[in-house]
Amino acid sequence: MNSFEIIGGNRLTGELEIDTSKNATLPIIAGSILSDETVVIKNIPMISDALKMLDILKQMGSSVVLEGNNAIINNSSLEHFEIPKELESEIRSSIFMLGPLLARHKKARVAYPGGCDIGSRPIDLHLSGLKSLGVKVEETHGYINCETERMKCGIVHLDFPSVGATENIMMASVLSKGRTTILNAAREPEIVDLARFINSMGGKIYGAGTSTIEIQGVKKLHGTEFRPMSDRIVAGTFMIGTAMTKGKVRLTNCNSEHVYSLITKLHNSGCKVEVNSDNIYIECNKRPTSCQSIETQPYPGFPTDLQAQMVALETISSGTSIVTENLFETRFKHVPELAKMGANVWVKGRMVFIVGKRNLHGAEVSAGDLRGGAALVLAGLAARGTTIVSNAHFVDRGYENLDEKLLALGANIKRS
Ligand code: EPZ
(Lines give C-alpha, C1' and ligand atoms only; values in the text may rest on other atoms or scores of the structure.)
Protein backbone atom coordinates (compact mmCIF):
# COMPACT_ATOMS: atom_id res chain seq x y z
CA MET A 1 0.00 0.00 0.00
CA ASN A 2 3.00 2.26 -0.39
CA SER A 3 2.13 3.35 -3.94
CA PHE A 4 -0.41 5.48 -5.75
CA GLU A 5 -1.99 3.93 -8.86
CA ILE A 6 -3.39 6.59 -11.17
CA ILE A 7 -5.26 6.31 -14.47
CA GLY A 8 -4.82 9.70 -16.07
CA GLY A 9 -7.22 11.83 -18.12
CA ASN A 10 -9.89 12.85 -15.60
CA ARG A 11 -10.44 16.54 -14.91
CA LEU A 12 -10.36 17.70 -11.28
CA THR A 13 -13.73 19.30 -10.52
CA GLY A 14 -15.53 20.26 -7.31
CA GLU A 15 -14.70 21.82 -3.99
CA LEU A 16 -12.04 20.98 -1.39
CA GLU A 17 -11.33 22.36 2.09
CA ILE A 18 -7.60 22.80 2.66
CA ASP A 19 -6.09 21.16 5.76
CA THR A 20 -4.02 22.85 8.45
CA SER A 21 -0.45 23.72 7.50
CA LYS A 22 2.31 21.18 8.18
CA ASN A 23 4.96 23.90 8.28
CA ALA A 24 2.98 25.95 10.77
CA THR A 25 1.96 22.99 12.95
CA LEU A 26 5.45 21.51 13.40
CA PRO A 27 7.12 24.56 15.02
CA ILE A 28 3.92 25.22 17.01
CA ILE A 29 4.07 21.70 18.49
CA ALA A 30 7.69 22.45 19.46
CA GLY A 31 6.62 25.86 20.80
CA SER A 32 4.18 24.20 23.22
CA ILE A 33 7.29 23.32 25.28
CA LEU A 34 7.49 27.02 26.23
CA SER A 35 4.59 26.62 28.68
CA ASP A 36 4.01 24.11 31.49
CA GLU A 37 0.27 24.64 31.21
CA THR A 38 -2.06 22.79 28.86
CA VAL A 39 -1.79 23.76 25.19
CA VAL A 40 -4.47 22.64 22.72
CA ILE A 41 -3.49 22.71 19.08
CA LYS A 42 -6.66 22.35 17.05
CA ASN A 43 -7.24 20.67 13.72
CA ILE A 44 -3.77 19.13 13.50
CA PRO A 45 -3.12 17.63 10.03
CA MET A 46 -3.05 13.81 10.35
CA ILE A 47 0.28 13.52 8.54
CA SER A 48 3.28 11.47 9.62
CA ASP A 49 5.57 14.44 10.34
CA ALA A 50 3.07 15.96 12.79
CA LEU A 51 2.35 12.63 14.51
CA LYS A 52 6.10 11.99 14.83
CA MET A 53 6.62 15.40 16.46
CA LEU A 54 3.92 14.53 19.02
CA ASP A 55 5.67 11.18 19.58
CA ILE A 56 8.93 12.98 20.30
CA LEU A 57 7.20 15.09 22.99
CA LYS A 58 5.70 11.91 24.51
CA GLN A 59 9.10 10.20 24.55
CA MET A 60 10.53 13.23 26.35
CA GLY A 61 7.94 12.79 29.08
CA SER A 62 5.17 15.17 28.06
CA SER A 63 1.49 14.31 28.16
CA VAL A 64 0.00 14.26 24.66
CA VAL A 65 -3.61 13.26 23.99
CA LEU A 66 -5.19 13.30 20.53
CA GLU A 67 -8.93 13.97 20.60
CA GLY A 68 -9.96 13.73 16.96
CA ASN A 69 -7.65 16.22 15.23
CA ASN A 70 -7.03 18.22 18.41
CA ALA A 71 -3.74 17.67 20.27
CA ILE A 72 -3.96 18.29 24.02
CA ILE A 73 -0.40 18.76 25.24
CA ASN A 74 0.98 19.34 28.72
CA ASN A 75 4.74 19.65 28.97
CA SER A 76 4.95 20.09 32.76
CA SER A 77 6.14 16.47 32.97
CA LEU A 78 8.76 16.89 30.24
CA GLU A 79 11.95 15.60 31.85
CA HIS A 80 14.27 14.56 29.05
CA PHE A 81 16.06 17.22 27.09
CA GLU A 82 17.48 14.91 24.47
CA ILE A 83 15.44 14.34 21.35
CA PRO A 84 15.29 10.55 20.70
CA LYS A 85 17.71 9.84 17.85
CA GLU A 86 15.48 7.21 16.25
CA LEU A 87 12.72 9.81 15.85
CA GLU A 88 15.00 12.77 15.28
CA SER A 89 16.68 11.19 12.29
CA GLU A 90 13.35 10.86 10.48
CA ILE A 91 12.15 14.43 10.57
CA ARG A 92 14.22 17.56 10.29
CA SER A 93 11.66 19.66 12.13
CA SER A 94 12.72 18.15 15.46
CA ILE A 95 15.47 20.78 15.32
CA PHE A 96 12.72 23.32 16.16
CA MET A 97 12.79 21.94 19.70
CA LEU A 98 16.22 23.42 20.37
CA GLY A 99 14.95 26.94 20.99
CA PRO A 100 12.03 26.13 23.32
CA LEU A 101 14.07 23.56 25.30
CA LEU A 102 16.77 26.17 25.88
CA ALA A 103 14.25 28.85 26.80
CA ARG A 104 12.46 26.65 29.35
CA HIS A 105 15.15 24.25 30.55
CA LYS A 106 18.43 25.92 29.54
CA LYS A 107 19.68 22.74 27.88
CA ALA A 108 19.05 20.49 24.89
CA ARG A 109 20.73 17.62 23.08
CA VAL A 110 19.84 16.88 19.50
CA ALA A 111 21.32 14.72 16.79
CA TYR A 112 22.08 16.30 13.46
CA PRO A 113 18.61 16.46 11.90
CA GLY A 114 17.32 14.23 9.13
CA GLY A 115 14.54 15.10 6.69
CA CYS A 116 13.97 14.83 2.95
CA ASP A 117 17.09 14.45 0.83
CA ILE A 118 16.75 17.77 -0.96
CA GLY A 119 20.07 19.24 0.01
CA SER A 120 22.68 19.47 2.73
CA ARG A 121 20.18 21.09 5.15
CA PRO A 122 22.83 22.67 7.42
CA ILE A 123 21.91 24.21 10.77
CA ASP A 124 24.81 26.64 11.10
CA LEU A 125 22.46 29.65 11.18
CA HIS A 126 20.45 28.08 14.02
CA LEU A 127 23.60 27.43 16.06
CA SER A 128 25.34 30.74 15.38
CA GLY A 129 22.16 32.58 16.37
CA LEU A 130 21.85 30.64 19.61
CA LYS A 131 25.55 31.15 20.37
CA SER A 132 25.10 34.90 20.06
CA LEU A 133 22.40 34.59 22.73
CA GLY A 134 24.81 33.00 25.19
CA VAL A 135 24.27 29.32 24.41
CA LYS A 136 27.29 27.00 24.69
CA VAL A 137 27.21 24.60 21.74
CA GLU A 138 29.32 21.42 21.58
CA GLU A 139 29.15 19.05 18.64
CA THR A 140 30.30 15.51 19.43
CA HIS A 141 29.71 12.18 17.65
CA GLY A 142 26.81 13.48 15.58
CA TYR A 143 25.12 15.08 18.56
CA ILE A 144 24.75 18.76 19.37
CA ASN A 145 24.84 19.58 23.09
CA CYS A 146 23.49 23.03 23.97
CA GLU A 147 23.52 24.61 27.40
CA THR A 148 23.24 28.06 28.94
CA GLU A 149 23.13 29.60 32.40
CA ARG A 150 20.66 32.15 31.15
CA MET A 151 19.46 33.03 27.65
CA LYS A 152 20.90 36.44 26.81
CA CYS A 153 19.21 39.09 24.69
CA GLY A 154 20.71 40.92 21.78
CA ILE A 155 20.70 41.36 18.04
CA VAL A 156 20.90 38.27 15.82
CA HIS A 157 21.60 38.83 12.13
CA LEU A 158 20.89 35.89 9.84
CA ASP A 159 23.15 35.58 6.78
CA PHE A 160 20.19 33.99 5.02
CA PRO A 161 16.49 34.36 5.95
CA SER A 162 16.23 30.76 7.14
CA VAL A 163 12.72 29.76 8.21
CA GLY A 164 13.86 27.26 10.82
CA ALA A 165 16.61 29.45 12.22
CA THR A 166 14.18 32.37 12.54
CA GLU A 167 11.68 30.15 14.37
CA ASN A 168 14.28 28.59 16.67
CA ILE A 169 15.82 31.92 17.67
CA MET A 170 12.39 33.49 18.14
CA MET A 171 11.34 30.66 20.49
CA ALA A 172 14.67 30.70 22.35
CA SER A 173 14.15 34.40 23.18
CA VAL A 174 10.55 34.57 24.43
CA LEU A 175 11.42 33.94 28.12
CA SER A 176 14.65 35.98 28.23
CA LYS A 177 15.06 39.05 30.40
CA GLY A 178 15.08 41.87 27.84
CA ARG A 179 14.60 42.42 24.14
CA THR A 180 16.03 40.39 21.27
CA THR A 181 16.01 41.50 17.62
CA ILE A 182 16.31 39.19 14.63
CA LEU A 183 17.59 40.93 11.49
CA ASN A 184 17.14 39.45 8.02
CA ALA A 185 14.47 37.18 9.48
CA ALA A 186 12.46 34.91 7.20
CA ARG A 187 9.03 36.35 6.33
CA GLU A 188 7.05 33.15 5.66
CA PRO A 189 3.39 33.14 6.83
CA GLU A 190 4.20 30.16 9.07
CA ILE A 191 6.45 32.44 11.11
CA VAL A 192 3.61 34.91 11.55
CA ASP A 193 1.44 31.99 12.71
CA LEU A 194 4.07 30.82 15.21
CA ALA A 195 4.30 34.36 16.61
CA ARG A 196 0.47 34.50 16.87
CA PHE A 197 0.55 31.18 18.74
CA ILE A 198 3.25 32.33 21.20
CA ASN A 199 1.53 35.71 21.69
CA SER A 200 -1.70 33.81 22.47
CA MET A 201 0.25 32.28 25.38
CA GLY A 202 1.28 35.74 26.62
CA GLY A 203 4.41 36.20 24.55
CA LYS A 204 5.47 39.58 23.15
CA ILE A 205 6.67 39.14 19.59
CA TYR A 206 6.48 42.03 17.14
CA GLY A 207 7.22 42.31 13.42
CA ALA A 208 6.78 38.63 12.46
CA GLY A 209 6.31 38.54 8.69
CA THR A 210 8.86 41.31 8.19
CA SER A 211 12.65 41.04 8.03
CA THR A 212 13.01 42.48 11.54
CA ILE A 213 11.40 40.63 14.44
CA GLU A 214 11.48 41.99 18.00
CA ILE A 215 10.96 39.67 20.96
CA GLN A 216 10.32 41.24 24.36
CA GLY A 217 11.04 38.53 26.95
CA VAL A 218 8.33 37.67 29.49
CA LYS A 219 8.54 35.72 32.76
CA LYS A 220 6.13 32.93 31.90
CA LEU A 221 3.79 31.71 29.18
CA HIS A 222 0.32 30.38 30.00
CA GLY A 223 -1.62 27.70 28.15
CA THR A 224 -3.72 28.35 25.05
CA GLU A 225 -6.06 26.87 22.46
CA PHE A 226 -4.86 27.60 18.95
CA ARG A 227 -5.75 26.59 15.38
CA PRO A 228 -2.78 26.97 13.00
CA MET A 229 -3.19 28.47 9.52
CA SER A 230 -4.15 26.41 6.47
CA ASP A 231 -1.52 24.82 4.26
CA ARG A 232 -0.55 27.12 1.41
CA ILE A 233 1.59 24.41 -0.23
CA VAL A 234 -1.24 21.88 -0.23
CA ALA A 235 -3.48 24.59 -1.70
CA GLY A 236 -0.88 25.35 -4.37
CA THR A 237 -0.50 21.66 -5.17
CA PHE A 238 -4.22 21.30 -5.87
CA MET A 239 -4.26 24.52 -7.89
CA ILE A 240 -1.51 23.16 -10.12
CA GLY A 241 -3.28 19.80 -10.39
CA THR A 242 -6.42 21.61 -11.54
CA ALA A 243 -4.45 23.45 -14.21
CA MET A 244 -2.81 20.21 -15.37
CA THR A 245 -6.14 18.39 -15.78
CA LYS A 246 -8.03 21.39 -17.27
CA GLY A 247 -10.37 21.25 -14.30
CA LYS A 248 -12.56 23.58 -12.24
CA VAL A 249 -11.96 23.55 -8.49
CA ARG A 250 -12.86 25.79 -5.57
CA LEU A 251 -10.45 25.55 -2.62
CA THR A 252 -11.87 26.71 0.71
CA ASN A 253 -10.11 27.59 3.98
CA CYS A 254 -7.16 29.10 2.14
CA ASN A 255 -5.58 32.53 2.12
CA SER A 256 -4.94 33.74 -1.44
CA GLU A 257 -2.29 36.19 -0.19
CA HIS A 258 -0.11 33.22 0.77
CA VAL A 259 -0.05 31.86 -2.79
CA TYR A 260 -0.04 35.06 -4.83
CA SER A 261 3.21 34.19 -6.59
CA LEU A 262 1.53 31.02 -7.89
CA ILE A 263 -1.75 32.76 -8.73
CA THR A 264 0.19 35.17 -10.93
CA LYS A 265 1.96 32.32 -12.73
CA LEU A 266 -1.24 30.35 -13.31
CA HIS A 267 -3.12 33.43 -14.48
CA ASN A 268 -0.35 34.17 -16.98
CA SER A 269 -0.46 30.57 -18.20
CA GLY A 270 -4.11 31.02 -19.19
CA CYS A 271 -5.99 29.80 -16.12
CA LYS A 272 -8.95 31.70 -14.70
CA VAL A 273 -8.29 32.38 -11.01
CA GLU A 274 -10.83 34.08 -8.72
CA VAL A 275 -9.74 34.97 -5.19
CA ASN A 276 -12.11 35.63 -2.32
CA SER A 277 -11.53 36.23 1.38
CA ASP A 278 -11.05 32.57 2.33
CA ASN A 279 -11.29 30.65 -0.91
CA ILE A 280 -9.80 30.41 -4.38
CA TYR A 281 -11.57 29.29 -7.57
CA ILE A 282 -9.41 28.02 -10.41
CA GLU A 283 -10.51 26.95 -13.87
CA CYS A 284 -8.43 25.90 -16.86
CA ASN A 285 -10.16 25.22 -20.18
CA LYS A 286 -7.18 24.80 -22.46
CA ARG A 287 -3.60 23.62 -22.48
CA PRO A 288 -1.63 26.00 -20.25
CA THR A 289 0.97 28.28 -21.81
CA SER A 290 4.45 27.85 -20.34
CA CYS A 291 5.60 30.28 -17.65
CA GLN A 292 9.01 30.50 -19.37
CA SER A 293 10.90 31.41 -16.19
CA ILE A 294 10.34 30.47 -12.55
CA GLU A 295 12.85 31.27 -9.77
CA THR A 296 12.32 29.95 -6.25
CA GLN A 297 12.96 32.56 -3.56
CA PRO A 298 12.24 33.07 0.14
CA TYR A 299 8.71 34.33 0.82
CA PRO A 300 7.05 36.28 -0.73
CA GLY A 301 8.96 34.95 -3.74
CA PHE A 302 7.93 31.77 -5.52
CA PRO A 303 8.06 28.93 -2.92
CA THR A 304 10.61 26.15 -3.31
CA ASP A 305 7.95 23.77 -1.96
CA LEU A 306 5.96 24.25 -5.19
CA GLN A 307 8.95 23.97 -7.54
CA ALA A 308 8.51 20.27 -8.32
CA GLN A 309 4.77 20.67 -8.92
CA MET A 310 5.40 23.59 -11.30
CA VAL A 311 7.99 21.57 -13.20
CA ALA A 312 5.31 18.91 -13.71
CA LEU A 313 2.90 21.55 -15.03
CA GLU A 314 5.50 22.97 -17.40
CA THR A 315 6.20 19.54 -18.91
CA ILE A 316 2.72 19.60 -20.51
CA SER A 317 2.44 23.36 -21.14
CA SER A 318 2.96 24.89 -24.59
CA GLY A 319 6.42 26.41 -24.92
CA THR A 320 9.70 26.13 -23.06
CA SER A 321 10.57 26.95 -19.44
CA ILE A 322 13.53 27.31 -17.13
CA VAL A 323 12.84 26.63 -13.46
CA THR A 324 15.66 27.74 -11.14
CA GLU A 325 15.87 26.25 -7.63
CA ASN A 326 17.72 28.81 -5.50
CA LEU A 327 17.18 27.32 -2.03
CA PHE A 328 18.01 23.61 -2.12
CA GLU A 329 20.83 22.30 -4.25
CA THR A 330 19.45 18.84 -5.05
CA ARG A 331 15.69 19.30 -5.10
CA PHE A 332 15.42 17.60 -8.48
CA LYS A 333 14.61 13.93 -7.81
CA HIS A 334 11.31 14.33 -9.68
CA VAL A 335 13.05 15.30 -12.94
CA PRO A 336 14.32 11.87 -14.12
CA GLU A 337 11.02 10.34 -13.02
CA LEU A 338 9.06 12.83 -15.14
CA ALA A 339 11.37 11.97 -18.05
CA LYS A 340 10.26 8.31 -17.67
CA MET A 341 6.73 9.60 -18.39
CA GLY A 342 7.95 11.13 -21.65
CA ALA A 343 8.65 14.65 -20.41
CA ASN A 344 11.33 16.71 -22.21
CA VAL A 345 13.05 17.82 -19.02
CA TRP A 346 16.61 17.91 -17.76
CA VAL A 347 18.70 19.52 -15.01
CA LYS A 348 21.82 21.65 -15.45
CA GLY A 349 23.23 23.01 -12.19
CA ARG A 350 20.35 24.59 -10.32
CA MET A 351 18.17 24.96 -13.41
CA VAL A 352 15.52 22.65 -14.83
CA PHE A 353 15.04 23.01 -18.59
CA ILE A 354 11.66 22.00 -19.98
CA VAL A 355 10.23 21.76 -23.50
CA GLY A 356 6.51 21.27 -22.98
CA LYS A 357 4.65 18.54 -24.83
CA ARG A 358 0.95 17.89 -25.21
CA ASN A 359 0.85 14.58 -23.37
CA LEU A 360 2.86 12.49 -20.98
CA HIS A 361 2.35 8.73 -20.84
CA GLY A 362 1.86 6.61 -17.74
CA ALA A 363 4.89 4.88 -16.20
CA GLU A 364 6.22 3.30 -13.02
CA VAL A 365 7.99 6.08 -11.12
CA SER A 366 9.21 6.56 -7.56
CA ALA A 367 8.98 9.48 -5.17
CA GLY A 368 12.34 10.61 -3.79
CA ASP A 369 11.00 13.30 -1.46
CA LEU A 370 7.75 14.87 -0.29
CA ARG A 371 7.05 17.53 -2.90
CA GLY A 372 8.67 15.61 -5.75
CA GLY A 373 6.31 12.74 -4.98
CA ALA A 374 3.32 15.07 -5.09
CA ALA A 375 4.53 16.35 -8.47
CA LEU A 376 4.63 12.79 -9.84
CA VAL A 377 1.03 12.22 -8.68
CA LEU A 378 -0.03 15.39 -10.53
CA ALA A 379 1.80 14.21 -13.65
CA GLY A 380 -0.04 10.88 -13.39
CA LEU A 381 -3.39 12.70 -13.30
CA ALA A 382 -2.58 14.38 -16.61
CA ALA A 383 -0.79 11.47 -18.32
CA ARG A 384 -2.34 9.03 -20.81
CA GLY A 385 -2.57 5.59 -19.25
CA THR A 386 -1.61 4.24 -15.85
CA THR A 387 1.07 5.66 -13.56
CA ILE A 388 2.34 3.95 -10.41
CA VAL A 389 4.05 6.28 -7.94
CA SER A 390 5.97 4.21 -5.37
CA ASN A 391 7.38 5.43 -2.02
CA ALA A 392 4.04 7.04 -1.23
CA HIS A 393 5.23 7.40 2.38
CA PHE A 394 7.21 10.45 1.30
CA VAL A 395 3.97 12.10 0.15
CA ASP A 396 2.17 11.06 3.35
CA ARG A 397 4.64 13.24 5.28
CA GLY A 398 2.91 16.37 4.03
CA TYR A 399 -0.45 15.43 2.48
CA GLU A 400 -3.30 13.91 4.48
CA ASN A 401 -5.16 11.28 2.41
CA LEU A 402 -4.06 12.79 -0.90
CA ASP A 403 -5.62 9.91 -2.87
CA GLU A 404 -9.01 10.29 -1.17
CA LYS A 405 -9.05 14.03 -1.77
CA LEU A 406 -8.17 13.61 -5.45
CA LEU A 407 -10.75 10.82 -5.81
CA ALA A 408 -13.41 13.16 -4.42
CA LEU A 409 -12.43 15.68 -7.10
CA GLY A 410 -12.91 13.11 -9.87
CA ALA A 411 -9.43 11.63 -10.26
CA ASN A 412 -9.00 7.91 -10.94
CA ILE A 413 -6.51 7.09 -8.17
CA LYS A 414 -6.08 4.46 -5.47
CA ARG A 415 -3.46 3.20 -3.02
CA SER A 416 -1.86 -0.03 -4.12
C1 EPZ B 1 11.41 25.13 6.00
O2 EPZ B 1 12.57 24.31 6.04
C3 EPZ B 1 10.29 24.23 5.53
N4 EPZ B 1 10.10 23.15 6.48
C5 EPZ B 1 10.64 23.65 4.16
O6 EPZ B 1 9.52 22.87 3.72
C7 EPZ B 1 10.83 24.81 3.17
O8 EPZ B 1 11.23 24.28 1.92
C9 EPZ B 1 11.92 25.75 3.70
O10 EPZ B 1 11.57 26.20 5.03
C11 EPZ B 1 12.09 26.97 2.81
O12 EPZ B 1 10.88 27.65 2.70
C13 EPZ B 1 9.40 23.39 7.62
O14 EPZ B 1 8.95 24.50 7.87
C15 EPZ B 1 9.18 22.22 8.53
P16 EPZ B 1 15.43 27.05 5.65
P17 EPZ B 1 13.93 24.86 6.72
O18 EPZ B 1 16.16 27.00 6.93
O19 EPZ B 1 13.61 25.69 7.89
C20 EPZ B 1 19.87 27.09 4.17
C21 EPZ B 1 8.45 20.99 2.83
O22 EPZ B 1 8.50 20.44 1.71
N23 EPZ B 1 20.22 27.03 5.60
O24 EPZ B 1 14.64 28.27 5.31
O25 EPZ B 1 14.85 23.72 6.88
C26 EPZ B 1 19.32 25.76 3.68
O27 EPZ B 1 20.39 24.91 3.32
C28 EPZ B 1 9.72 21.45 3.50
O29 EPZ B 1 7.38 21.21 3.46
C30 EPZ B 1 21.54 27.19 5.97
O31 EPZ B 1 22.43 27.38 5.14
O32 EPZ B 1 14.46 25.79 5.52
C33 EPZ B 1 18.51 26.16 2.50
O34 EPZ B 1 19.38 26.36 1.39
C35 EPZ B 1 10.96 21.14 2.69
N36 EPZ B 1 21.86 27.12 7.29
C37 EPZ B 1 17.95 27.52 2.88
O38 EPZ B 1 18.77 27.99 3.96
C39 EPZ B 1 20.92 26.93 8.25
O40 EPZ B 1 21.27 26.92 9.45
C41 EPZ B 1 16.50 27.49 3.33
O42 EPZ B 1 16.45 26.71 4.48
C43 EPZ B 1 19.57 26.77 7.85
C44 EPZ B 1 19.24 26.83 6.52
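Structure: see above.
Residues numbered from 1 in each chain as written. Predicted model: local features only at pLDDT ≥ 70, side-chain atom pairs only at ≥ 80, totals over all residues. Heavy atoms only, no water.

Draft legend 1. Seen up close, the packing of helix H8 (residues 232-244) against helix H10 (residues 307-315). Between H8 and H10, the least distance of the axes is 10 Å, while the angle of their chain directions is 5°. Put simply, H8 runs roughly parallel to H10. The residues of H10 that touch H8, namely those facing Ile233, Thr237, Ile240, Ala243 and Met244, are Gln309, Met310, Ala312 and Leu313. Taken together, the residues of the contact of H8 with H10 sort by class into seven nonpolar, two polar and no charged. (Axes fitted to C-alpha atoms, helices over the stretch in contact; angles between N-to-C directions. Helix = DSSP H or I, 4+ residues; strand = E, 2+ residues; numbered from the N terminus. Parallel < 35°, antiparallel > 145°, perpendicular 65-115°, else oblique. Contact = heavy atoms within 4.5 Å. Nonpolar A, V, L, I, M, F, W, Y, C, P; charged D, E, K, R; others polar.)

Draft legend 2. Quick look at the pairing of strand S10 (residues 179-183). Where strand S9 (residues 155-157) and S10 come together, three bridges link them in parallel fashion. Within S10, the position partnered with His157 by the bridge is Leu183. Taken together, S9, helix H6 (residues 163-173) and S10 form a β-α-β motif whose crossover is right-handed. Two elements, S10 and strand S12 (residues 212-216), share five bridges in a ladder whose sense is antiparallel. By the bridge assignment for S12, Arg179 is matched with Gln216. (Pairing = 2+ DSSP bridges. Right-handed = clockwise from strand over helix to strand, strands pointing away.)

Draft legend 3. Representation of the packing of helix H1 (residues 22-31) against helix H7 (residues 189-200) within the structure. In the contact formed by H1 and H7, the axes pass within 9 Å of each other and the chain directions differ by 30°. The two elements H1 and H7 meet at a crossing, and its hand is right-handed. Where H1 abuts H7, its residues Asn23, Ala24, Pro27, Ile28 and Gly31 lie against Glu190, Asp193, Leu194 and Phe197. Considered class by class, the residues forming the contact of H1 with H7 number five nonpolar, two polar and two charged. (Left-handed = near helix turned anticlockwise from the far one by under 90°.)

Draft legend 4. Highlighting the state of the cysteines. Within this structure, the stated rule accounts for zero disulfides. Free cysteine: Cys271, not disulfide-bonded; nearest cysteine sulfur from Cys284 at 3.7 Å. A disulfide-free cysteine, Cys291 has its sulfur positioned 8.7 Å from the sulfur of Cys271, the nearest such atom. Looking at Cys291, the relative accessible area reads 15%, which means it is buried. (Disulfide = S-S within 2.5 Å. Buried < 20%, exposed > 50% of the residue type's maximum accessible area, 1.4 Å probe, protein only.)

Draft legend 5. Looking closely at the environment of Ala408. For Ala408, the position within the fold is in helix H14 (residues 402-408). Remark: the alpha-carbon pair of Ala408 and Pro122, spanning 286 residues in sequence, is separated by 39 Å.

Draft legend 6. Quick look at empty space enclosed by the protein. If you walk through the whole model with that rule in mind, you get one cavity of 30 Å³ or more. The volume enclosed by the largest cavity comes to roughly 60 Å³. Contributing to the lining of the largest cavity are Asp19, Thr20, Lys22, Pro45, Ile47, Asp231, Val234, Phe238, Gly398, Tyr399, Glu400 and Lys405. Taken together, the residues of the lining of the largest cavity break down into five nonpolar, two polar and five charged. No fewer than three residues from each of domain 1 (3-18 + 230-415) and domain 2 (22-226) sit in the lining of the largest cavity. (1 Å grid on protein atoms, 1.4 Å probe; cavity = no way out; pocket = protein on both sides within 12 Å on 5 of 7 lines; lining within 4 Å. Points joined across faces, edges and corners; volume = space filled by probe spheres on them. Domains from an automatic or database assignment.)

Draft legend 7. Molecular detail of a positive patch on the surface. Residues Arg11, Lys246, Lys248 and Arg358 make up a contiguous surface patch of positive charge. Inspection of the secondary structure assignment puts Arg11 in the loop between strand S1 (3-7) and strand S2 (13-17). (Patch = residues over 30% accessible without salt bridge, like charges linked within 9 Å, V, L, I, M, F, W, Y side chains within 5 Å. Areas by Shrake-Rupley, 256 points an atom, 1.4 Å probe, with all protein chains shown as cover. Salt bridge = Lys/Arg side-chain N within 4 Å of Asp/Glu carboxyl O. Lys, Arg positive; Asp, Glu negative; His and termini not counted. Charge placed at Lys NZ, Arg CZ, Asp CG, Glu CD.)

Draft legend 8. Region of the structure containing the sheet that holds strand S6 (residues 107-111). Ordered in space as S6-S8-S7, the three strands form an open sheet in which the pairing is antiparallel. The sheet terminates laterally at S6 and strand S7 (136-140), the two strands that pair on one side only. Within the sheet, the average angular offset between the axes of one strand and its neighbour, ignoring direction, is 15°. Examined bridge by bridge, S6 and strand S8 (residues 143-147) share five bridges and lie antiparallel to one another. From the neighbouring strand, Arg109 faces S8, where its bridge partner is Asn145. Along the sheet, helix H4 (residues 98-105) makes contact with S6 and S8, crossing S6 at roughly 155°.

Draft legend 9. Quick look at the pattern of salt bridges. All chains considered together, the criterion is met by 17 salt bridges. A salt bridge links Asp19 to Lys405; the shortest N-O distance between them is 2.8 Å. One end of the pair, Asp19, is in the loop between S2 and H1; the other, Lys405, is in helix H14, with 386 residues separating them in the sequence. One exposure class covers both Asp19 and Lys405, and it is buried.

Draft legend 10. Geometry of the pairing of S8. Inspection of the sheet shows S7 paired to S8 by five bridges, in the antiparallel sense. Each bridged residue has a counterpart across the sheet, and for Lys136 the counterpart in S8 is Glu147. Connecting the antiparallel pair S7 and S8 is a turn made up of two residues, with His141 showing a positive phi of about 45°.

Draft legend 11. Summary view of the sheet that holds S12. One open sheet holds the four strands; their spatial order is S9-S10-S12-S11, and the pairing between them is mixed. Bordering the open sheet on either side are S9 and strand S11 (205-206), each of which pairs with just one other strand. Of the pairings in the sheet, the one linking S11 to S12 comprises two bridges and is antiparallel in character. Bridge assignment links Ile205 to a residue of S12, and that residue is Ile215.

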